[in-house]
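Secondary and tertiary structure notes
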Amino acid sequence: MPRCRFLPFVCAALMLLASPLALAQSSEREYQAYEDALARGERQANLWRYGWAGVYATSLAFNTYQASEADDRDDRYDARVGVVKSALALAGTLMDRQPHPAAYRELREGDGDIESARRLLHEVAEEERQRRSLEARLGSLAINAASGLLIAVGDGRERDGAINFATGMLISELQLQTQPRQASVAINRFKPARVSLGDVHLEGEYAFLVSPNQVGVALRY
């Protein structure tokens, strides 16, 4: 029975002996998870940019046609307002560069250091958060409010102005919410963990890593 008191120390010693290999494997899996996340983010960023550019280009062409060819006078007025909104949205989308493509290139061109990869992912995740913040909505709020007022006050059609404002904000919110968020998801997969073996306490983080051909657990401490 006295030998049982040494069991936690034996387990701790075995874990310390195995820790270099376990740490290397977990770091490799973690790095691969980050690289996969940025690769998916790059694909979605390109799809997001050119997809929404196509939406606004189509809207611009339609409104340009309606501004001169629509039979109803109100439709022509709304279309002229829509031309300005669509042109601003198209220019903003084309100039808006998501961080994922550049971050993916930087990661691939790096030296494979896991700490640098973590810092890079945190920077991208922070930009993802900022792109969904209240400040990110102020530009679309100003443009849609101005267009709604032009119709409601400038043309005396309050109901149509309110509908124009609400529709514009809905589309802007949809564009905002469809932005890539792979970096945030990759970072948030790691959860705090604590293992106790008698008087020995080990603290770190764990994450479940799922790929097409394997399922594993990554540990970092």
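Keep in mind it's a predicted model, so treat the numbers as computed, not measured.

1. Thoughts on the layout of surface pockets
In this structure, the largest pocket spans a volume of roughly 880 Å³. Put simply, the parts of the chain that give the lining of the largest pocket at least two residues each are helix H1 (7-69), helix H2 (73-95), helix H5 (138-154) and helix H6 (158-177). Of all the elements, H6 adds the most residues to the lining of the largest pocket, at eleven residues. Broken down by class, the residue content of the lining of the largest pocket amounts to twelve nonpolar, 15 polar and seven charged.

2. Comments concerning the confidence of the model for the chain
This prediction gives the chain a mean pLDDT of 82; 74% of its residues lie at or above 70. No element of the chain has a lower mean pLDDT than strand S3 (residues 214-220), at 48, and none a higher one than H6, at 96. In the model, residues 9-23 has pLDDT below 50 throughout and makes six contacts with residues more than four positions away in sequence or in other chains. Confidence over residues 208-217 falls short of pLDDT 50; this stretch has 20 contacts with residues more than four positions distant or in other chains.

3. A short note on the environment of Tyr 56
Assignment of secondary structure puts Tyr 56 in helix H1. According to the relative accessible area criterion, Tyr 56 is buried, its value standing at 9%. Sequence spacing of Tyr 56 and Leu 90 is 34 residues, and the spatial spacing of their C-alpha atoms is 5.3 Å. Excluding residues within four positions of it along the chain, Tyr 56 makes contact with Ser 86, Ala 89, Leu 90, Thr 93, Ile 171 and Gln 175.

4. Observations regarding the side chain of Gln 175
Within the secondary structure layout, Gln 175 lies in helix H6. Discounting residues that sit within four places of it in the chain, Gln 175 has contacts with Trp 48, Trp 52, Tyr 56 and Thr 93.

5. Remarks on a nonpolar patch on the surface
Taken together, the side chains of Val 84, Leu 88 and Ile 143 define a hydrophobic patch exposed on the protein surface, amounting to about 250 Å² of accessible area. Assignment of secondary structure puts Leu 88 in helix H2. Given the relative accessible area of 47%, Leu 88 is considered partly exposed.

6. As for the nonpolar core
Counting residues in each nonpolar core, the largest one holds 17 residues, and the members touching the most others are Tyr 34, Leu 38, Leu 107, Ala 117 and Leu 121. Elements with a contribution of two residues or more to this core: H1, helix H3 (100-109), helix H4 (114-130) and helix H7 (182-188). Examining the composition of this core, we find that six residues originate from one element, H4, more than from any other. Excluding its chain neighbours within four sequence positions, the residues that come into contact with Ala 117 are Tyr 31, Tyr 34 and Leu 107. Judged by nonpolar contacts, the second largest core, of five residues, contains Trp 48, Trp 52, Ala 53 and Tyr 56.

7. Re the packing of H5 against H6
In contact at an axis separation of 7 Å, H5 and H6 are set at 160° when each is read in the N-to-C sense. Here H6 runs roughly antiparallel to H5, going by the angle between their axes. The two elements H5 and H6 cross, and the hand of that crossing is right-handed. Contact residues: Ser 140, Leu 141, Asn 144, Ala 145, Ser 147, Gly 148, Ile 151 and Ala 152 in H5; Glu 158, Asp 160, Gly 161, Asn 164, Phe 165, Gly 168, Met 169 and Ser 172 in H6.

Thresholds applied
Residues numbered from 1 in each chain as written. Predicted model: local features only at pLDDT ≥ 70, side-chain atom pairs only at ≥ 80, totals over all residues. Heavy atoms only, no water. 1 Å grid on protein atoms, 1.4 Å probe; cavity = no way out; pocket = protein on both sides within 12 Å on 5 of 7 lines; lining within 4 Å. Points joined across faces, edges and corners; volume = space filled by probe spheres on them. Helix = DSSP H or I, 4+ residues; strand = E, 2+ residues; numbered from the N terminus. Nonpolar A, V, L, I, M, F, W, Y, C, P; charged D, E, K, R; others polar. pLDDT = per-residue confidence, 0-100. Contact = heavy atoms within 4.5 Å. Buried < 20%, exposed > 50% of the residue type's maximum accessible area, 1.4 Å probe, protein only. Patch = residues over 30% accessible without salt bridge, like charges linked within 9 Å, V, L, I, M, F, W, Y side chains within 5 Å. Areas by Shrake-Rupley, 256 points an atom, 1.4 Å probe, with all protein chains shown as cover. Salt bridge = Lys/Arg side-chain N within 4 Å of Asp/Glu carboxyl O. Core = buried A, V, L, I, M, F, W, Y, C linked by side-chain atoms within 4.5 Å. Axes fitted to C-alpha atoms, helices over the stretch in contact; angles between N-to-C directions. Parallel < 35°, antiparallel > 145°, perpendicular 65-115°, else oblique. Left-handed = near helix turned anticlockwise from the far one by under 90°.

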